[in-house]
Structures are given as C-alpha cells and as structure tokens.
Amino acid sequence: MEYSFKKENLSMTFLFSIYIKLQNNAYNKLLENTGIHIKQAMILLILKNKEYVYQKEISEILNMDRGLLTRYIRKLEDHQYIERIEDDENRRQNKIRITKKGNELANLLKKEEREREEAIMEHSPISREELIDYLLKIIEISKEYDEGK
C-alpha cells in the first residue's frame, strides 16, 4: 500500500499511529486464541526476563491506571500466564511472576516481533539499532518538551 500524502502535511504522530495500528493488528492475530489482548501481552513481555516485578512497577512502565492494571493481571492470572505472590516484607504488595505457559507465549510474541522487524528493516537505509537509538532520543526529547511546558 502506497500513501500519497504530502510530507509537509504529515506529522510524526500520524505516522507513528499508523505503524502502531499495523503492529497491533499483527499482535492481535497472534493473540486470537489466547484469551488476552495486546496490553495484557505487554505485561508478559515486561515479566519475561525478570524473576518478578511489583505491580506498581508495571503500572509505571506502561503508564497505566492501577485499577485497570489489576484487572489485566487478574485476567492473565485466570489464564495461568502469570502468578501473584505475596511479598513477605510488605503484605500489601504482590510480586508478579510469569509462569511457564506465560513464558512460552512471551517467547512466541518476541519471535514474531523480531521476524516482523527484520522483514521491515530489510528495506531501511539504517540499521535496527540506529532506528531504536533515534526513537529513544525522540522519546527523551518529547518528555523534556512536555516537562518544560
């Protein structure tokens, strides 16, 4: 599909939105029979390489309301993708840990994501690492801009 927009009329936000929509569609196809959706899958990806994470940390990473996050965690727990463990030091906090089933799904998501990115980046004049560095810089500058307002 080719877009015939004039570059001077485009915003980065618009283009990022199109890319995110396409990416979400790809994830949604993968998640069709899992009982969860993309935002819940993001929680699995956060947990993938950690022994456990506190719910508060997940909320901060995803910039998500704690009530909504609690519902997402409950759904993941119902599907046995994660488990909650009471923190011995602070019983009001739960440690969230990925299960074997959750890890298998997270591995599938990462594999598919990597394959998709590689296919996309084959057509790019810059490397994946250069693009990631540039996008991280854009995010950093955007946050600084918002904090300065």
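Scope of this entry: the structure provided in the associated data block.

### Overview of the packing of aromatic side chains
Both the distance between ring centres and the angle between the ring planes are used here to describe each pair of aromatic rings. As enumerated under the stated definition, the model contains 1 aromatic pair in all. A ring pair is formed by tyrosine 52 and tyrosine 54, whose centres lie 5.6 Å apart and whose planes are at 80°; its orientation type is edge-to-face. Take tyrosine 52: its relative accessible area is 31%, and that puts it in the partly exposed class. Residue tyrosine 54 is classed as buried on the basis of its relative accessible area of 18%. Directly above the aromatic system of tyrosine 81 lies the positively charged group of lysine 101, at a separation of 4.9 Å from the ring centroid.

### A closer look at the side chain of serine 59
Residue placement: serine 59 occurs in helix 3 (residues 55–62). Within polar-contact distance, the side chain of serine 59 engages the backbone oxygen of methionine 64 at 2.6 Å. Excluding residues within four positions of it along the chain, serine 59 makes contact with Met64, Arg66 and Leu69.

### Focus: the sheet that holds strand 3 (residues 94–98)
Across the sheet, which stays open at both edges, the 3 strands sit in the order 1-3-2 with antiparallel pairing between neighbours. Lying at the two open borders of the sheet, with one neighbouring strand each, are strand 1 (53–54) and strand 2 (82–86). Direction of pairing for strand 1 relative to strand 3: antiparallel, over a ladder of 2 bridges. Bridging from a neighbouring strand, tyrosine 54 pairs with lysine 95 of strand 3.

### Looking at helix 5 (residues 100–121)
With 22 residues, helix 5 extends 31 Å between its outermost C-alpha atoms, agreeing within 8% with the 32 Å of an ideal straight helix rising 1.5 Å per residue. When helix 5 is considered as a whole, its buried residues turn out to be Gly102, Leu105, Ala106, Leu109, Glu113, Glu117 and Met121. Each buried residue of helix 5 lies within a common arc of 130° when the element is viewed along its axis, so the set occupies one face. On its buried face, helix 5 sits against helix 1 (12–31), helix 2 (38–47), strand 3 and helix 6 (128–148).

### Quick word on the pattern of salt bridges
Applying the stated criterion across every chain, the model contains 7 salt bridges. Across the salt bridge formed by lysine 111 and glutamate 112, the nearest N and O atoms sit 3.9 Å from each other. Where arginine 128 meets glutamate 117, a salt bridge forms, and the shortest distance between an N and an O atom there is 2.6 Å. Of this pair, arginine 128 sits in helix 6 while glutamate 117 sits in helix 5, and the two are 11 residues apart along the sequence.

### Quick notes on the nonpolar core
By size, the foremost hydrophobic cluster in this structure holds 24 residues, and its most contacted members are Ile36, Ile43, Leu44, Leu47 and Ile58. The set of elements that each furnish at least two residues to this core consists of helix 1, helix 2, helix 4 (66–78), strand 3 and helix 5. A per-element tally of this core places helix 2 first, with 7 residues. Not counting residues within four places of it along the chain, the set of residues in contact with leucine 44 comprises Ile36, Leu76, Tyr81, Ile82, Ile98, Gly102, Leu105 and Ala106.

Reading the values: the criteria
- Residues numbered from 1 in each chain as written.
- Predicted model: local features only at pLDDT ≥ 70, side-chain atom pairs only at ≥ 80, totals over all residues.
- Heavy atoms only, no water.
- Phe/Tyr/Trp six-rings, centres within 6.5 Å; stacked < 30°, edge-to-face > 60°.
- Buried < 20%, exposed > 50% of the residue type's maximum accessible area, 1.4 Å probe, protein only.
- Lys NZ or Arg CZ within 6 Å of the ring centre and 35° of its normal.
- Helix = DSSP H or I, 4+ residues; strand = E, 2+ residues; numbered from the N terminus.
- Polar contact = N/O pair within 3.5 Å; in protein donor to acceptor, adjacent residues only side chain to side chain.
- Contact = heavy atoms within 4.5 Å.
- Pairing = 2+ DSSP bridges.
- Expected span 1.5 Å × (residues − 1).
- Arc of directions from axis to C-beta.
- Salt bridge = Lys/Arg side-chain N within 4 Å of Asp/Glu carboxyl O.
- Core = buried A, V, L, I, M, F, W, Y, C linked by side-chain atoms within 4.5 Å.

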